[in-house]
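A look at the structure
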Amino acid sequence: MRRNPANRPSDHFKSGPAVRIPKLSSTCRSIREDLGLSRAEARDRTGLSDGYLFEIERGKHVPSLEALEKLIAGYRLNLMQARHLRELRAPAEDLLPTPKLRESLTANDVLMSHLQGLEQRGVLGAYIDPVWNVLACNDSCRAALPGLEETAESIPAWLYSPTAKTIVIEWEREAAHAAAVLKAMFGRYRASEQVRDLMRRLRPNRDTNRLWGPSTNVAYSRDASNPLHWRHPSTGQPNSYIMTASEVNQTQNVLLVTALRRPYCGPTIV
């Protein structure tokens with residue numbers, strides 16, 4: 001019988017933390033159930049047998065590349081969901097420990113000087129690892145994230161803190177997008193100590209579990225045309241920022257994130 005999505009439990013925290021390192025098996029099952037499909041209906045869509053689908057979802061069998069593509073096509077997944085499944089089937093990517101990344105970065109005078117150049121131009125800048133741990137940032141960026149050091153320099157952990165709720169405008173939307181990004185990154189770097197550490201930090205958080213559990217959405221980037229809306233921590237004045245992230249060619253596993261302030265263009269603040 002098809003499960004009605006409206007009848008599923010909505011409070012995932014009651015049945016245990018929803019924040020988990022993604023697996024191909026459980027992700028395939030979650031997608032099927034989110035679509036409201038029985039295995040028989042999934043069989044008709046994908047051309048894969050009920051038994052084969054069952055073995056995939058139980059983690060008893062890793063689907064061939066051909067079978068995975070049949071799942072992707074049959075479930076009509078978007079590009080990011082498809083990428084996520086392919087990455088979960090592939091071996092986890094290596095990620096250097098955060099201290100080593102930070103040490104190699106801060107020893108690079110050119111990269112550190114670039115942060116100061118951004119500061120002089122009024123641009124918030126930070127070097128981060130793929131799980132959004134801050135490796136180094138300029139003063140403007142740190143001022144925009146008060147209390148970051150209390151979260152061990154983790155932007156995701158900061159975002160789900162009480163402080164962030166007072167600063168981030170449209171916090172619910174931003175937190176949901178962050179959950180989608182984290183799912184993708186957790187899957188890609190699932191064997192890394194950074195992922196395990198961040199998962200331990202986020203699992204006790206009710207908001208993280210509430211936003212993580214119900215959705216099968218994943219994301220890998222932020223649309224540059226979608227501004228981030230932020231209150232100044234001291235004055236409360238709203239600002240909008242154009243945010244970009246790019247790989248740093250001279251290093252491995254390091255991203256440069258910048259936020260350029262623009263006149264406020266967000267929702268009306270009452």
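This report concerns the structure included in the present document. (Residues numbered from 1 in each chain as written. Predicted model: local features only at pLDDT ≥ 70, side-chain atom pairs only at ≥ 80, totals over all residues. Heavy atoms only, no water.)

**Re the overall build of the protein**
Across its full length, the protein carries 13 helices and five strands. Rg of the C-alpha trace for the protein: 20 Å, near the compact-globule value of 18 Å for 270 residues, within the 12% margin. If you line up the protein on its principal axes, its C-alpha atoms span 60 × 45 × 30 Å. Within the protein, the proportion of its 270 residues that are buried is 46%. Entry remark: accessible area of the protein is about 14100 Å², with carbon and sulfur atoms responsible for 51%. Computing the positive centroid from 37 side-chain charges and the negative centroid from 29, the protein places the two 6 Å apart. (Helix = DSSP H or I, 4+ residues; strand = E, 2+ residues; numbered from the N terminus. Rg over C-alpha atoms; globule rule 2.2 N^0.38 Å. Buried < 20%, exposed > 50% of the residue type's maximum accessible area, 1.4 Å probe, protein only. Areas by Shrake-Rupley, 256 points an atom, 1.4 Å probe, with all protein chains shown as cover. Lys, Arg positive; Asp, Glu negative; His and termini not counted. Charge placed at Lys NZ, Arg CZ, Asp CG, Glu CD.)

**Side note on the packing of aromatic side chains**
Throughout the structure, instances matching the rule amount to three aromatic pairs. For the pair Y160 and W171, a centre-to-centre distance of 6.2 Å together with 85° between the ring planes defines the contact as edge-to-face. In this pair, Y160 sits in the loop between α9 (155-159) and α10 (162-167) while W171 sits in helix α11 (residues 171-188), placing the two residues 11 residues apart along the sequence. W171 shares its class with Y160; the two are buried. Between F186 and W212, the aromatic rings sit 5.4 Å apart at their centres with planes inclined by 50°, giving tilted as the arrangement. Placement of the pair is F186 in helix α11 and W212 in helix α13 (residues 206-212), with a sequence separation of 26 residues. The burial state of F186 is the same as that of W212; both residues are buried. One cation-aromatic arrangement involves K165 over W171; the distance from NZ or CZ to the ring centre is 4.7 Å. (Phe/Tyr/Trp six-rings, centres within 6.5 Å; stacked < 30°, edge-to-face > 60°. Lys NZ or Arg CZ within 6 Å of the ring centre and 35° of its normal.)

**Re the state of the cysteines**
Enumeration according to the criterion identifies zero disulfides in this entry. Cysteine C265 shares no disulfide, and the gap to the nearest cysteine sulfur, in C141, comes to 19 Å. (Disulfide = S-S within 2.5 Å.)

**Re helix α7 (residues 109-120)**
Its 12 residues place the ends of α7 17 Å apart at the C-alpha level, agreeing with the 16 Å of an ideal helix rising 1.5 Å per residue. Along α7, the residues that are buried comprise L111, L115, G117 and L118. Take α7 and look down its axis: the buried residues cluster within an arc of 160°, on one side only. Set apart from the buried face of α7 by more than 90 degrees, the exposed residues are D109 and Q120. (Expected span 1.5 Å × (residues − 1). Arc of directions from axis to C-beta.)

**Points about the pairing of strand β4 (residues 238-247)**
Within a regular beta strand, the side chains point alternately toward one face of the sheet and then the other, so they alternate between its two faces. Of the strand pairs in this sheet, strand β3 (residues 228-231) and β4 are connected by four bridges, and their pairing is antiparallel. Of the residues in β4, the one forming a bridge with W230 is N239. The antiparallel hairpin formed by β3 and β4 contains six residues in its connecting segment, where G236 sits at a positive phi of about 80°. Two strands pair when backbone bridges link them, and β4 and strand β5 (residues 255-262) are joined in this way by eight bridges, in the antiparallel orientation. Residue Y241 lies in a different strand from β5, and its bridge partner there is R261. (Pairing = 2+ DSSP bridges.)

**Remarks on the packing of helix α2 (residues 39-46) against helix α3 (residues 50-57)**
Think of two packed helices as two axes; the pair is described by the angle between the axes and how far apart they sit. Running from amino to carboxyl end, α2 crosses α3 at an angle of 105°, the nearest separation of the two axes being 9 Å. Our classification of the angle between α2 and α3 gives roughly perpendicular. Along the contact surface, α2 presents R39, A40, A42, R43 and T46, while α3 presents D50, L53, F54 and E57. Per-class residue counts for the contact of α2 with α3 are four nonpolar, one polar and four charged. (Axes fitted to C-alpha atoms, helices over the stretch in contact; angles between N-to-C directions. Parallel < 35°, antiparallel > 145°, perpendicular 65-115°, else oblique. Contact = heavy atoms within 4.5 Å. Nonpolar A, V, L, I, M, F, W, Y, C, P; charged D, E, K, R; others polar.)

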